[in-house]
Amino acid sequence: MSDRRNGDLTGIGATQGALLGYIRRKGSASRVELAEYCNITPAAVSMMTRNLLQRGIIEEGARRQEGRGAPHIDLTLKKNVGYALGAHANRYSVMLTLLNFGGEIVGELQLRGSYGAFSDVQRALQDGSEQLLAKNAINRSDLIGAAIAMPTRFRKEAMSLDLAEEVISWAGSDLSAMLREALRCPVIIENDANAAAMGELTLGNTAGHENFAYLYLSEGIGGGIIIKNELFRGYLGNAGEIGALRGRGASRPSFEDLAAWCLEHVGEKPSGRAPEVWTDYLSRNPAVFDAWLERAGPEVARLAFAVSAILAPTAIFVGGTLPRIVRERLAQWLDYERSDPFNGASVIQPQILLPEVVATDPVAFGAAAMILHGVSDAG
């Protein structure tokens with residue numbers, strides 16, 4: 001990563017990256033807090049923070065007196081050091097989120113339409129990013145990087161993606177090259193569920209869960225796994241694909257399944273996936289909605305129970321593109337004592353939560369957060 005106009009991000013190691021991440025989550029932190037968090041000596045923290053101060057990445061803030069001894073000096077991030085762009089692309093929309101170095105949302109842009117060809121996505125990302133940057137008076141050279149989240153798995157060949165059926169029409173193109181051409185900055189492609197989980201880890205998760213699962217209910221079913229505050233990727237990066245536990249021909253707690261059910265039982269359905277449109281539609285068809293929940297609820301309970309049995313997370317976040325009203329109702333089935341998904345089998349009940357990230361699109365937000373989280377790999 002080359003030097004930046006507002007701060008030098010080259011050569012940041014893993015421990016310095018952890019310090020920056022902690023300050024980003026908390027807003028500010030003293031050197032004593034940082035030493036305790038990273039389990040390193042005060043002298044080591046002093047040396048690392050002195051380096052970050054000299055490079056213009058952090059700055060000193062207010063002094064706090066806590067008991068006897070010298071006052072603690074709060075350290076904060078310089079928010080204009082650089083910016084991270086996140087995008088969430090599927091066949092119905094392209095959503096962009098721009099974060100400053102402190103993890104605050106600078107701007108969001110949602111482009112709804114039909115994205116049957118990846119060239120349409122490429123054009124939307126190019127035009128949308130230019131619009132976001134210009135509106136906020138940010139130079140493209142100040143982008144640390146961009147992460148594009150989409151419905152995909154990863155194959156052994158580095159340049160090959162296993163795209164979900166809903167976006168299979170994007171296959172055959174060099175997506176990485178097209179993204180670099182559109183955005184003119186370092187670009188990574190990420191699975192949408194992983195991005196959502198990382199967003200929750202980086203700037204949500206107010207209870208501070210170190211081990212949690214993120215159940216991602218979208219056109220299909222996916223998930224992200226966080227173990228000891230790190231994304232667990234598994235072989236090739238595909239850990240968390242819990243939808244594979246449910247046959248494609250069977251009922252599934254997914255948006256695709258909900259749309260097909262509504263079309264069959266109502267005779268019409270909304271054409272896109274706009275959550276406010278679907279929320280209104282479902283409120284006008286409560287009997288159909290309730291009948292689908294009675295079918296989908298037990299299935300989501302079985303999937304979550306399997307995750308709980310194998311991973312024993314302290315929490316499961318129920319996220320995805322399904323409208324919040326749907327996820328709230330499905331989350332009620334994850335009380336295993338009530339739903340009894342495996343006829344008396346028991347596990348330790350995790351806390352069931354909806355995502356706490358406040359963003360129009362948690363996936364686009366999480367994709368941008370991944371860029372900030374990965375700054376320690378930039379050098």
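Everything below is about the structure shown above.
First, a word on what this report is: a plain description of the structure on this page.

Reading guide: rules and limits
Residues numbered from 1 in each chain as written. Predicted model: local features only at pLDDT ≥ 70, side-chain atom pairs only at ≥ 80, totals over all residues. Heavy atoms only, no water. Axes fitted to C-alpha atoms, helices over the stretch in contact; angles between N-to-C directions. Helix = DSSP H or I, 4+ residues; strand = E, 2+ residues; numbered from the N terminus. Parallel < 35°, antiparallel > 145°, perpendicular 65-115°, else oblique. Left-handed = near helix turned anticlockwise from the far one by under 90°. Contact = heavy atoms within 4.5 Å. Nonpolar A, V, L, I, M, F, W, Y, C, P; charged D, E, K, R; others polar. Salt bridge = Lys/Arg side-chain N within 4 Å of Asp/Glu carboxyl O. Buried < 20%, exposed > 50% of the residue type's maximum accessible area, 1.4 Å probe, protein only. Core = buried A, V, L, I, M, F, W, Y, C linked by side-chain atoms within 4.5 Å. Expected span 1.5 Å × (residues − 1). Arc of directions from axis to C-beta.

## Description of the packing of helix 9 (residues 286-311) against helix 10 (residues 324-331)
Helix 10 packs onto helix 9 with a crossing angle of 55° between their chain directions and a minimal axis gap of 9 Å. Put simply, helix 9 runs oblique to helix 10. Between helix 9 and helix 10 lies a crossing whose hand is right-handed. On helix 10, the residues that touch F289, D290, W292, L293, A296, G297 and V300 of helix 9 are I325, V326, R329 and L330. Of the residues that constitute the contact of helix 9 with helix 10, the class distribution is eight nonpolar, one polar and two charged.

## Structural notes on the pattern of salt bridges
Enumeration according to the criterion identifies 14 salt bridges in this entry. Among the salt bridges present, the one from E219 reaches R91, with a minimum N-O distance of 3.7 Å. Residue E219 is located in the loop between strand 10 (212-217) and strand 11 (221-227), and its partner R91 is located in the loop between strand 3 (83-89) and strand 4 (93-100); the two are separated by 128 residues in the primary sequence. Classification of E219 by relative accessible area gives buried; the value is 6%. Residue class for R91 comes out partly exposed when judged on its relative accessible area of 30%. D120 is paired through a salt bridge with R123; the nearest N and O atoms lie 3.3 Å apart. On the criterion of helical spacing, the pair formed by D120 and R123 is a turn pair, its members being three residues apart in helix 4 (residues 118-135). Judged by relative accessible area, which is 47%, R123 ranks as partly exposed. If you follow the salt bridges from partner to partner, you end up with R91, E219 and R273 in one network.

## Overview of the environment of A239
For A239, the location among the structural elements is in the loop between strand 12 (230-231) and helix 7 (255-266). Those residues within four positions of A239 in sequence are excluded, and the remaining contacts are N194, G223, I225, F232, R233 and G234.

## Observations regarding the nonpolar core
L9, L20, L34, I57, I58 and F101 are the most contacted members of the largest nonpolar core, which has 48 residues in total. In terms of residue count, helix 12 (residues 362-373) provides more of this core than any other element does, eight residues in total. If sequence neighbours within four positions are ignored, L20 has contacts with I12, L52, I57, I58, L77 and F101. Core analysis: the second largest hydrophobic core is formed by 34 residues, L215, L258, C262 and W278 among them.

## Some words on helix 4
Residues separated by three or four positions in an α-helix point in the same direction, a consequence of the helix having 3.6 residues per turn. The first and last C-alpha atoms of helix 4 sit 25 Å apart over 18 residues, in line with the 26 Å expected at 1.5 Å per residue. For helix 4, every residue scored as buried is listed here: F118, V121, Q122, A124, L125, G128, S129, L132 and L133. Around the axis of helix 4, the buried residues are gathered within 165° of arc, so they sit on the same side. Relative to its buried face, helix 4 has exposed residues pointing more than 90 degrees away, namely A134 and K135. Looking at the buried side of helix 4, the elements it contacts are strand 3, strand 4, strand 5 (105-112), strand 6 (143-150) and helix 5 (175-183).

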